Amino acid sequence: MKNAYVTGASQGIGKEFVRALAKDYNVFLISRSAADLNKAIIEIEPKSRGMLKAISLDLTKKKEQEELASILEKDKDFEFLVNNAGFGTVGEFASLDLEQELDEINLNVKALVLLSHKALNKFKKTGKGFLINVASIAGYLPAPGSATYAATKAFVKSFTESLHEEARPYGIYVQALCPGLTHSDFHERAGIEKSKYPSLLWQNANEVVDESLSALRHNKAVCISGAVNQSAISLTEFMPRTLLRKTAGLFLKFDRK
Ligand SMILES: NC(=O)c1ccc[n+]([C@@H]2O[C@H](COP(=O)([O-])OP(=O)(O)OC[C@H]3O[C@@H](n4cnc5c(N)ncnc54)[C@H](OP(=O)(O)O)[C@@H]3O)[C@@H](O)[C@H]2O)c1
């Protein structure tokens with residue numbers, strides 16, 4: 001059995017990727033809290049075919065990013081990577097803690113770029129591999145009130161679409177996954193009040209993962225999960241940028257905890 005790696009694997013979307021991939025792969029789960037990773041392993045293990053293993057690392061830190069990169073480099077059975085770990089911050093950029101904004105870039109962008117590089121070089125050698133980078137529908141929008149987060153996700157979407165084309169001739173599948181509002185701890189951590197968003201806008205993490213893996217089988221470059229999100233993003237393409245900025249700003253600003 002080959003090996004898959006999922007960052008941000010202890011909960012939310014990452015945990016659902018682990019659950020799905022564990023049917024066909026040994027899965028390495030990466031996030032900071034060893035206790036949460038082990039909890040996820042105990043929950044998923046009874047229904048998994050492969051082995052599950054926790055790797056506790058803080059991927060905002062360069063040294064720990066490099067530690068994971070070196071594990072990937074040495075693993076001869078490495079075939080699947082999901083760059084999922086990420087967090088968001090909400091508020092006027094100038095009033096937010098700068099160190100945290102920079103850490104957001106370290107995790108959402110820098111770790112993802114480093115690990116994508118390692119993965120593609122490995123997959124090119126073996127002639128097979130799968131890379132999913134988790135962006136967001138926020139990557140399609142200017143987002144006053146969530147400026148850094150939306151910019152990191154715009155990077156991930158654009159970067160990954162380009163990688164998709166570069167990797168295709170080698171038989172490597174690359175996807176930018178763009179979820180919309182998805183039930184997880186993400187909003188609580190970002191200080192966003194979930195209850196103010198209508199229920200029709202929400203998906204469960206397992207639904208997002210099912211859509212992503214189904215799109216990957218057809219080697220789709222971008223997967224926007226959920227019909228509502230797909231329609232909303234199509235609509236934004238026809239909106240004047242000024243209106244889009246203001247609407248996105250209202251959506252984020254007034255729903256802060
Ligand atoms: N939920 C949504 O509505 C939504 C929508 C669009 C896109 N997304 C994207 O989907 C991805 C997963 O989000 P989620 O909703 O599943 O979030 P979540 O429930 O908050 O889970 C985040 C995961 O990332 C890990 N993590 C956080 N900081 C880390 C760090 N410094 N180093 C290593 N791991 C770290 C967390 O574990 P530890 O805290 O123990 O490290 C956890 O396992 C993110 O990239 C997010 O931007 C989410």
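The following paragraphs examine the structure supplied in this document. Just so we're clear, the structure is a prediction, and the values are computed from it rather than from any experiment.

Taken together, 31 residues form the shell around the ligand, and within it Ser10, Arg32, Asn84, Tyr149 and Ser184 come nearest. The side chain of Lys153 places a nitrogen or oxygen atom 2.9 Å from an oxygen atom of the ligand. Interatomic distance of 3.4 Å between a backbone N/O atom of Gly180 and an oxygen atom of the ligand. Here the ligand has 890 Å² of accessible area as a free molecule, and 97% of this is covered by the chains. Mapped onto the shell around the ligand, the elements with two or more residues apiece are α1 (12–21), α5 (147–167) and α6 (186–190). For the shell around the ligand, the leading source of residues is α6, giving three residues. Taken together, the residues that form the shell around the ligand break down as twelve nonpolar, 14 polar and five charged.

Let us look at the packing of aromatic side chains. According to the stated counting rule, one finds nine aromatic pairs in the structure shown. Note on Tyr5 and Phe28: the rings are 4.7 Å apart at their centroids and 10° apart in plane angle, and the pair reads as stacked. Of this pair, Tyr5 sits in strand β1 (residues 3–7) while Phe28 sits in strand β2 (residues 26–31), and the two are 23 residues apart along the sequence. Of the residues examined, Tyr5 reaches a relative accessible area of 2% and is grouped as buried. Residues Tyr197 and Trp202 carry aromatic rings whose centres are separated by 6.5 Å and whose planes lie at 75° to one another, so their mutual orientation is edge-to-face. Exposure class is identical for Tyr197 and Trp202. Each is buried. Grouped by ring-pair contacts, the aromatic residues Tyr5, Phe28, Phe78 and Phe123 constitute a single cluster. The ring of Tyr140 has Lys157 sitting right over it, with the charged end atom 4.6 Å from the ring centre. Above the ring of Trp202, the side-chain terminus of Lys194 is found at 5.0 Å from the ring centroid.

Definitions and limits used
- Residues numbered from 1 in each chain as written.
- Predicted model: local features only at pLDDT ≥ 70, side-chain atom pairs only at ≥ 80, totals over all residues.
- Heavy atoms only, no water.
- Near = heavy atom within 4 Å.
- Polar contact = N/O pair within 3.5 Å; in protein donor to acceptor, adjacent residues only side chain to side chain.
- Areas by Shrake-Rupley, 256 points an atom, 1.4 Å probe, with all protein chains shown as cover.
- Helix = DSSP H or I, 4+ residues; strand = E, 2+ residues; numbered from the N terminus.
- Nonpolar A, V, L, I, M, F, W, Y, C, P; charged D, E, K, R; others polar.
- Phe/Tyr/Trp six-rings, centres within 6.5 Å; stacked < 30°, edge-to-face > 60°.
- Buried < 20%, exposed > 50% of the residue type's maximum accessible area, 1.4 Å probe, protein only.
- Lys NZ or Arg CZ within 6 Å of the ring centre and 35° of its normal.

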